[in-house]
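If you want the building blocks of each chain, they are given just below.
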Amino acid sequence: MATLEIRDLHVSVEADNATKEILKGVDLTVKQGETHAIMGPNGSGKSTLAYSLAGHPKYTITSGTVTLDGEDVLEMSVDERARAGLFLAMQYPVEIPGVSVSNFLRTSATAVRGEAPKLRTWVKEVKETMAQLQMDPAFAERNVNEGFSGGEKKRHEILQLELLKPKIAILDETDSGLDVDALKTVSEGVNRVRETGEVGTLLITHYTRILKYIKPDYVHVFANGRIAASGGAELADQLENEGYEAYTKGGASA
Amino acid sequence: MAEAQISPVGSTTAGSIAVAAESTVATRMSAPPSFDVADFPVPHGREEEWRFTPLERLRGLHDGTAVATGDGVKVVVEAPSGVTVETVGRDDARIGKAGTPVDRVAAQAYSSFQHASVVTVAKEAVLSEPVRITVHGEGGVAYGHQVIELGAFAEAVVVIDHTGDAVLAANVDYVLGDGAKLTVVSVQDWDDTAVHVGQHNALVGRDASFKSIIVTFGGDLVRLHPRVAYAAPGGEAELFGLYFTDKGQHQEHRLLVDHNTPHCKSNAVYKGALQGDGAHAVWIGDVLIQAAAEGTDTYEMNRNLVLTDGARVDSVPNLEIETGEIVGAGHASATGRFDDEQLFYLQSRGIPAEEARRLVVRGFFAELVQQIGLPDVEARLLDKIETELKASV
């Protein structure tokens, strides 16, 4: 069973000629089949965790370890991590002018699967997945994220999640900026992947709204660069009622 | 040959110059067009038409110090039947009909060449094979002139290849008879030391179609002026360009479409990718719609993709309209960067960095390459783009 283990992870960024530590010792284990919600206020370091795991060059790991099935993730390049089975659904996916969605998806699937998918089954697979996400087939011929609405970008991220079938999926604020209908559609996509039992999901969110559609096994409160509390789904209810105040105050004085 | 001549071009060309001289497109030039190099002052670099060009890298083409060495370039023309290929002297009447030099180097070339090559496609001849012209630089300084003339309703594809090393100033005249169709592919695949400056004049006959594809990969400095004017109504011009500007290269394309005649069309699309320190691409797109040119339909676009730090693009579209009675006129210019975030996004989907770059660059050029309509040229361009990418980083 695939396991992502994060141990005492410290991460810094360079900003205004100064080094700022954002993650201050994160410990977390995500196993295949599990869904972990990471909730926290703005600026708590949730997205930094997501991008650090994916290998974004902006973030410097100062100490700690991340392993996937015992393999050192931090030693891998960004594309190696993806091929090893890590997937990051981004909050702000970038536009890639000149590259069509269909070309992009096929290139990506070829890289991750290690061989080009058979054309006939591939076309069918893409078509069906797009239909389930209520994406117009014409989408495939548009350039990646170019002129996409917020909802289209998120559907496109989840489309990739479904096609690439990672071992560990990190969803960075996939719910932000979505109306209820889009949120349902996107959540259904995530749930289809979860139901296979073959993915461990790290669901990063600011709001509890998405947890109505994607039921987490574990909820972690993220504050001041580390996990401040962990519990079951009931922790999310508590956050819904009380907000993050108790955690941010503690963080500020720490 | 007489039947291959087209009707009264001389007066039309002269007329277009007279009107253009009053327009800002023309007045931005430091001297009016002329065949005589003495009519142009030696540029100092601050003139509008020279301000982007590193004069010191012209190796004397601009100030009269570059003397032809006699072994500058070797020109070979391979033509299928239906085509006449001649080498003629300076006084041949067919030279200079399509346009007049607009800057000192073009005039220097016109004033200095010894022999011109004239390729004539007979009236109504439809060529099954392209005319292939290879211009191979042998390391010297050369001045040249090429004329390609199509009789009425003739159809031809001409591929001009530039390779090797040279300091070359050469102009090309394209003269299209009524209803003629000419596609010209000019590939600048020079060694990285070559200097190539030239003015390409096309004079498009009634209902004729001219398609120019300029592909610039090589050279230390390449500066081309593709120019189009119309001899009679109903003409169409498509100007496509593709350049891949590497470290230290200066590649400059200065277009002018002179809509001097009613009911003509033009469409210009130039795309360039740049990579490496000191890579400099310049694109000037001048479109002039004269008062007489009612019913004009024109569009021009320049797109640049900057792949690394240290590269520079100057893109200046300029549309000048003297009549409102037109079908359409537009221009667009945009320069984008392939940045770290795009690379990260593609890599995060398992795509290795080198392949990510290739995906983006191929995508960027694909649409343009598909418009060329010549499968062997398209395949060659895509190969060449791959080679350029491999040479990078």
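Criteria and thresholds
Residues numbered from 1 in each chain as written. Chains lettered and ligands numbered in written order. Predicted model: local features only at pLDDT ≥ 70, side-chain atom pairs only at ≥ 80, totals over all residues. Heavy atoms only, no water. Phe/Tyr/Trp six-rings, centres within 6.5 Å; stacked < 30°, edge-to-face > 60°. Lys NZ or Arg CZ within 6 Å of the ring centre and 35° of its normal. UniProt positions renumbered as here; feature names shortened; annotations may be inferred. Helix = DSSP H or I, 4+ residues; strand = E, 2+ residues; numbered from the N terminus. Buried < 20%, exposed > 50% of the residue type's maximum accessible area, 1.4 Å probe, protein only. Pairing = 2+ DSSP bridges. Contact = heavy atoms within 4.5 Å. Lys, Arg positive; Asp, Glu negative; His and termini not counted. Salt bridge = Lys/Arg side-chain N within 4 Å of Asp/Glu carboxyl O. Polar contact = N/O pair within 3.5 Å; in protein donor to acceptor, adjacent residues only side chain to side chain. Domains from an automatic or database assignment. Buried area = accessible area lost by both parts, 1.4 Å probe.

Draft legend 1. Region of the structure containing the packing of aromatic side chains. In this structure the tally under the stated criterion is nine aromatic pairs over all chains. A centroid spacing of 4.5 Å and a plane angle of 55° characterise the contact between A:Phe139 and A:Phe148, whose relative ring orientation is tilted. Taken together, the ring pairs connect B:Phe35, B:Tyr110 and B:Phe113 into an aromatic cluster. Over the ring of A:Phe139 we find A:Arg142, and its NZ or CZ is 5.1 Å from the ring centre. Above the plane of the ring of B:Phe113 lies B:Arg90, whose end atom (NZ or CZ) is 4.7 Å from the centre.

Draft legend 2. Structural context of the UniProt feature "domain: SUF system FeS cluster assembly SufBD core" (unreviewed entry) in chain B. UniProt's entry tags residues 137-364 of chain B with the feature "domain: SUF system FeS cluster assembly SufBD core" (unreviewed entry), counted in the numbering of this structure. Along residues 137-364 of chain B the backbone is 9% helical and 62% strand, and the end-to-end C-alpha distance reaches 31 Å.

Draft legend 3. How the structure looks around the pairing of strand β3 (residues 35-39) of chain A. All names here are of chain A. Counted residue by residue, β3 has five buried out of five residues, so it is predominantly covered. Neither face of β3 is exposed, since Thr 35, Ala 37 and Met 39 on one face and His 36 and Ile 38 on the opposite face are all buried. In the sheet, β3 pairs with strand β10 (residues 200-205) via five bridges, with the strands oriented parallel. Note that in β10 the partner of His 36 across the bridge is Leu 202. Across four bridges, β3 lies against strand β11 (residues 218-223) in parallel orientation. Within β11, the residue paired with His 36 across the bridge is Tyr 218.

Draft legend 4. Structural detail: the environment of B:Val257. Residues and elements named next belong to chain B. Within the secondary structure layout, Val 257 lies in strand β11 (residues 250-259). Here the alpha-carbon distance between Val 257 and Tyr 230, two residues 27 residues apart in the chain, equals 9.0 Å. Excluding residues within four positions of it along the chain, Val 257 makes contact with Val 228, Tyr 230, Leu 239, Ser 266, Asp 286, Val 287 and Leu 288.

Draft legend 5. Examining helix α1 (residues 46-54) of chain A more closely. Residue and element names in this part refer to chain A. Counting buried positions over the nine residues of α1 gives eight, a clear majority of the element. The complete set of buried residues in α1 reads Lys 46, Thr 48, Leu 49, Ala 50, Tyr 51, Ser 52, Leu 53 and Ala 54. A positive backbone phi angle near 100° is found at Gly 55, which sits one or two residues after α1.

Draft legend 6. View of the side chain of B:Lys211. Residues and elements named next belong to chain B. Of note, Lys 211 is situated in strand β8 (residues 209-216). For the buried residue Lys 211, which engages in no salt bridge, the nearest side chain bearing the opposite charge is Glu 238, 4.4 Å off. A polar contact of 3.0 Å, which involves the side chain of Lys 211, links it to the backbone oxygen of Gln 371. Polar contacts involving the side chain of Lys 211 include one to the main-chain carbonyl oxygen of Ile 372, which spans 3.3 Å. In this structure, Lys 211 is in contact with Leu 182, Thr 183, Val 184, Glu 238, Phe 240, Gln 371 and Ile 372, ignoring residues within four places of it in sequence.

Draft legend 7. Here's a closer look at the domain arrangement of chain B. Residues and elements named next belong to chain B. Taken domain by domain, chain B comprises domain 1 (2-337) and domain 2 (341-393). Using C-alpha coordinates to define each centre, domain 1 is positioned 27 Å away from domain 2. Counting from both sides, the interface comprises 28 residues of domain 1 and, opposite them, 21 residues of domain 2. Carbon and sulfur atoms make up 67% of the surface buried where domain 1 meets domain 2, a total of about 2,100 Å² over both sides. Three residues, Phe 217, Leu 242 and Lys 271, lead the burial of domain 1 against domain 2; their summed loss comes to 25% of the area buried on that side. Here domain 1 and domain 2 share three salt bridges between them. For Arg 132, the salt bridge goes to Asp 376, with nearest N and O atoms at 3.3 Å. Linking domain 1 with domain 2 are eight residue pairs in polar contact (both at pLDDT 80 or more), by the criterion used here. Contributions of two or more residues to the side of domain 1 that touches domain 2 are made by β5 (155-176), β6 (181-188), β8, β10 (236-245), β12 (265-274) and β14 (297-306). Sort the elements by how many residues they give to the side of domain 1 that touches domain 2 and β10 lands first, with five residues.

Draft legend 8. Molecular detail of the pattern of salt bridges. All names here are of chain A. Enumeration according to the criterion identifies 26 salt bridges over all chains in this entry. Residue Asp 69 pairs with Lys 167 through a salt bridge whose shortest N-O separation is 3.8 Å. Within this pair, whereas Asp 69 is found in the loop between β4 (59-68) and β5 (71-72), its partner Lys 167 is found in the loop between α5 (150-164) and β9 (168-172), the two being separated by 98 residues in sequence. With a relative accessible area of 39%, Asp 69 lands in the partly exposed category.

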